[in-house]
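Listed here are the chains, written in short residue letters.
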Amino acid sequence: MFYHYLVPELGPDTVFTADAAKPVAELREALALGHTARPVLVGPVTYLLLAKPAPGVDPGFEPLTLLERLLPVYAEVLAALRAAGAEWAQLDEPALVQDHGGAVLEAAAHAYRELGSLAARPKILVAAYFDRLGEALPVLAEAPIEGLGLDFTGSAAANLDDLARVGGLPGKRLVAGVVDGRNVWIADLERSLSTLATLLGLAGRVDVAASCSLLHVPLDTALEHGVDPQVGRWLAFARQKVAEIVTLARGLAEGTGAIAGQLAANRADLASRAASALTHDPAVRARAAAVTTRDTRRPQPYGERAAAQRARLDLPPLPTTTIGSFPQTAELRAARADLRAGRIDRVTYDERIAAEIRSILVFQERAGIDVLVHGEPERNDMVQYFAERLNGYLATQHGWVQSYGTRYVRPPILAGDVSRPEPMTLRWTTYAQSQTERPVKGMLTGPVTMLAWSFVRDDQPQAETARQVALALRDEVADLEAAGAAVIQVDEPALRETLPLRAADRAAYLAWAGEAFRLATSGVRADTQIHTHMCYAEFGEILAAIDDLDADVISLEAARSHMQAARELAEAGYPREVGPGVYDIHSPRVPGVAEMASLLRKALDGIPAGRLWVNPDCGLKTRGWLETRVSLDNLVAAAREVRAEA
Ligand code: GLN
Ligand code: ZN
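- The name given to the protein chain in an unreviewed UniProt entry is 5-methyltetrahydropteroyltriglutamate--homocysteine S-methyltransferase, with the source organism recorded as Streptosporangium carneum.
- According to the UniProt record, the Function (unreviewed entry) comment for the protein chain is "Catalyzes the transfer of a methyl group from 5-methyltetrahydrofolate to homocysteine resulting in methionine formation."
- Here the protein chain is described in UniProt, under the heading Pathway (unreviewed entry), as follows: "Amino-acid biosynthesis; L-methionine biosynthesis via de novo pathway; L-methionine from L-homocysteine (MetE route): step 1/1."

Written out as structure tokens, the structure is:
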């Protein structure tokens, strides 16, 4: 969920070669230390399914067609691992937990028939996690391999019934992922034991395991001295999850009597969590329970709102704006570090933030931008900033998880009922508005993103948690409106990334996600304009859900895809205003006026001038001031050029 990977780019001419040196060296190192290591490789089917056509290759090219060429390479690596002393090798096939047609299932069957029939190989364990294996389960169950690793947590718990239905895995090893490898909560040991007891009858051998690799959770709760010890007992990071696995394995082998102490402690911790005031705030619960559909719909039809907003804002056609953040400079980060370390006081820090906001506003006014932002200089991160200001969230000191390569993130933990003790953004937004005549956008992070980029509680449905966050945001929106904000943006860049892997689960997710967004935003007057922002260009199956958010204006990433998102929305008859990004903020490259003007003309193909906004793809926090200045000057010039033609 926080993890990113490099997408292989393949084409019909791609040639694979085996280089077993690294896994072999790592295996030898482990063996030399006396460990029985099981090397793990990404499986061939998943590798190809997660790949995409290389640039210049026919976009219809299907990497899976390369399977025949890839398998000999796997054979070579497996042989090398066997020669180096590997008894088992694990091939991860998480891509198989998605909906696939016959071709993919046939490919999986073929791949494991081939690899299974190799003479020189370790025993093969295929692991598939994050959801239920579904129609791929019988395929792998019948393959000539020695073991299967399955996830039995969350929506993957359906694997249990499915396994029984296919007659289990007689003679095979089952690595049973009963400890959730993606959340930070202690397991319910008794429930896990009962799952394991059922599984014992379904496989030749059952091993207790985490549902997936533990790289998705932080290392050790023992390092978290800032967390209330009571709450700390509900948390399990990687070290604690390993201990749970060991306990469960012992209970399975020796009977529950052997782990009676651990079971009693686990029961007590689960009970303390269930009874805690943190997880059960009666006021929050009563308010969430009283929400009706009327609270989640703007009272006025869009046409009426659009007219009221036009009258209030009086913007030119093709109005210009930005997505929210301006460069997070080294000075800003240093000031934050100085404040934390006590080298400067709060007043000094706040003065720096105020000065930064003033200069960001002056720049935007000079550049000729129509709807301004305060620039988010006070925010370390768009989720963490709000998490620090909401009841129910915990912060960790050392809860780092790998995002990509050497990049790590430290997600907040949404542990309890969520409420807002006081306004979170009002001060800087009103300060910014006091410095300029032009409208300044209020800037909030939406409920879905507040969940997606945190560890969320597993003791209630996500829909419930999202509703609580939405209510807190609804109050913030109301405060901003009362303070005079005419435009309020609620970012939902994570809406698509948390889409369930299985299509059958998507409608329910999109329903609660959309409801949460509307609950946060629908309490405003007709003449208050709600914006949202998303960071991608292909909407596909979430198009209808995006429409259902009922935001007055949506900004999205579009520069790199030549306005793909604008095209998609236009073709679908999207009725409201759209700001397809004309400035790719992912690199320091400065887009020219002609280039942005041509993107705008392209967007005008589908979106009428009265409904088109001009903005960058995303926030500017990772950019430097040098390129930001020139790029935004060019953006305004492009907007003026195209306005003159309209
Ligand atoms: N308002 C945020 C910003 O401008 C949005 C960031 C995002 O979409 N990821 O930085
Ligand atoms: Zn974005």
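## What about the overall build of the protein chain?
Line of reasoning, step 1. Helices and strands together make up the secondary structure of the protein chain, namely 23 helices and 18 strands.
Line of reasoning, step 2. Here the protein chain has a C-alpha radius of gyration of 27 Å; the compact-globule value for 646 residues is 26 Å, and the two agree.
Line of reasoning, step 3. Once the C-alpha set of the protein chain is aligned to its principal axes, its extents read approximately 75 × 60 × 50 Å.
Line of reasoning, step 4. Here the protein chain holds 646 residues, and 46% of them are scored as buried.
Line of reasoning, step 5. Across the protein chain, every contact between residues at least 6 apart in sequence was considered, and the portion connecting residues at least 24 apart equals 79%.

## Digging into the confidence of the model for the protein chain
Line of reasoning, step 1. Across the protein chain, the average pLDDT comes to 96, with 100% of residues at or above 70.
Line of reasoning, step 2. Here the predicted complex scores 0.96 on pTM and 0.98 on ipTM.

## Considering the environment of Leu394
Line of reasoning, step 1. Secondary-structure assignment places Leu394 in strand β9 (residues 391–394).
Line of reasoning, step 2. The exposure class of Leu394 is buried, given the 22 C-beta atoms found within 10 Å.
Line of reasoning, step 3. Apart from the residues within four sequence positions on either side, Leu394 is in contact with Val227, Val231, Pro412, Ile413 and Ala415.

## Focus on the nonpolar core
Line of reasoning, step 1. Counting 171 residues, the largest nonpolar core has Ala108, Val126, Leu140, Ala176 and Leu600 as the members making the most contacts within it.
Line of reasoning, step 2. By residue number, the principal contributor to this core is helix α18 (residues 462–482), which donates eight residues.
Line of reasoning, step 3. With residues up to four places along the chain from it excluded, the contact list for Leu140 reads Ala108, Tyr112, Val126, Leu133 and Leu148.

## A few points about the site of ligand 1
Line of reasoning, step 1. As a structural note, the neighbourhood of ligand 1 is formed by Ile323, Gly324, Ser325, Met382, Met443, Asp491, Pro493, His533, Cys535, Cys618, Gly619 and Lys621.
Line of reasoning, step 2. Of the residues that constitute the shell around ligand 1, the class distribution is six nonpolar, four polar and two charged.

## Remarks on the sheet that holds strand β13 (residues 442–445)
Line of reasoning, step 1. The parallel open sheet is built from five strands, whose spatial order is β13-β15-β16-β17-β18. Strand pairing shows two members of the sheet lacking a second neighbour, β13 and β18 (577–580), which therefore form its edges. Here the average twist between neighbouring strands, direction ignored, is 20°.
Line of reasoning, step 2. Of the strand pairs in this sheet, strand β16 (residues 529–534) and strand β17 (residues 553–556) are connected by four bridges, and their pairing is parallel. By the bridge assignment for β17, His531 is matched with Val553.

## Let's talk about the sheet that holds strand β12 (residues 413–419)
One key point about sheets: their strands pair by backbone hydrogen bonds, in either a parallel or an antiparallel sense.
Line of reasoning, step 1. With mixed pairing, the three strands of this open sheet are ordered in space as β9-β12-β14. Whereas interior strands pair on both sides, the edge strands pair on one side only; in this sheet they are β9 and β14 (455–456).
Line of reasoning, step 2. With respect to the sheet, α18 is in contact with β12 and β14, its orientation differing from that of β12 by roughly 55°.

## Concerning the UniProt feature "domain: Cobalamin-independent methionine synthase MetE N-terminal" (unreviewed entry) in the protein chain
Line of reasoning, step 1. As annotated by UniProt and renumbered to match this structure, "domain: Cobalamin-independent methionine synthase MetE N-terminal" (unreviewed entry) occupies residues 3–200.
Line of reasoning, step 2. Here residues 3–200 runs as 38% helix and 17% strand, with 33 Å between its end C-alpha atoms.

## Description of the packing of α18 against helix α19 (residues 506–521)
Line of reasoning, step 1. At a closest axis distance of 7 Å, the pairing of α18 and α19 adopts a crossing angle of 20°. Between α18 and α19, the angle falls in the class roughly parallel. Crossing of α18 over α19 shows right-handed handedness. Contacts between α18 and α19 involve Gln462, Ala463, Ala466, Arg467, Val469, Ala470, Leu471, Leu473, Arg474 and Val477 from the former and Trp512, Ala513, Ala516, Leu519, Ala520 and Thr521 from the latter.
Line of reasoning, step 2. Residues of the contact of α18 with α19, tallied by class, amount to 12 nonpolar, two polar and two charged.

## Here's the deal with the pairing of β12
Line of reasoning, step 1. Counting buried positions along β12 yields six of seven residues, so the element is predominantly enclosed.
Line of reasoning, step 2. As judged from the three bridges shared by β9 and β12, these two strands associate in the antiparallel manner. Residue pairing in the sheet places Leu394 in a bridge with Ile413 of β12.
Line of reasoning, step 3. For β12 and β14, the ladder comprises two bridges, and the chain directions are parallel. Its bridge partner being in β14, Leu414 is matched across the sheet by Val456.

## With respect to the environment of Leu196
Line of reasoning, step 1. Within the fold, Leu196 resides in helix α7 (residues 189–200).
Line of reasoning, step 2. What Leu196 contacts, discounting residues up to four positions off in sequence, is Ala176, Val178, Val206, Val208, Leu248 and Leu252.

## Details of α19
Line of reasoning, step 1. The end-to-end C-alpha distance of α19 is 22 Å, a good match for the 22 Å that 16 residues give at a rise of 1.5 Å each.
Line of reasoning, step 2. Looking only at α19, the buried set comprises Leu510, Ala513, Gly514, Glu515, Ala516, Phe517, Arg518, Leu519, Ala520 and Thr521.
Line of reasoning, step 3. Those residues of α19 that are buried are in contact with α17 (447–452), α18, β15 (487–491), β16 and α20 (543–548).

Thresholds, definitions, all that
Residues numbered from 1 in each chain as written. Chains lettered and ligands numbered in written order. Predicted model: local features only at pLDDT ≥ 70, side-chain atom pairs only at ≥ 80, totals over all residues. UniProt positions renumbered as here; feature names shortened; annotations may be inferred. Helix = DSSP H or I, 4+ residues; strand = E, 2+ residues; numbered from the N terminus. Rg over C-alpha atoms; globule rule 2.2 N^0.38 Å. Buried ≥ 20, exposed ≤ 12 C-beta atoms within 10 Å, placed from the backbone. Contact = placed C-beta atoms within 7 Å. pLDDT = per-residue confidence, 0-100. Core = buried A, V, L, I, M, F, W, Y, C linked by C-beta atoms within 7 Å. Near = placed C-beta within 6 Å. Nonpolar A, V, L, I, M, F, W, Y, C, P; charged D, E, K, R; others polar. Pairing = 2+ DSSP bridges. Axes fitted to C-alpha atoms, helices over the stretch in contact; angles between N-to-C directions. Parallel < 35°, antiparallel > 145°, perpendicular 65-115°, else oblique. Left-handed = near helix turned anticlockwise from the far one by under 90°. Expected span 1.5 Å × (residues − 1).

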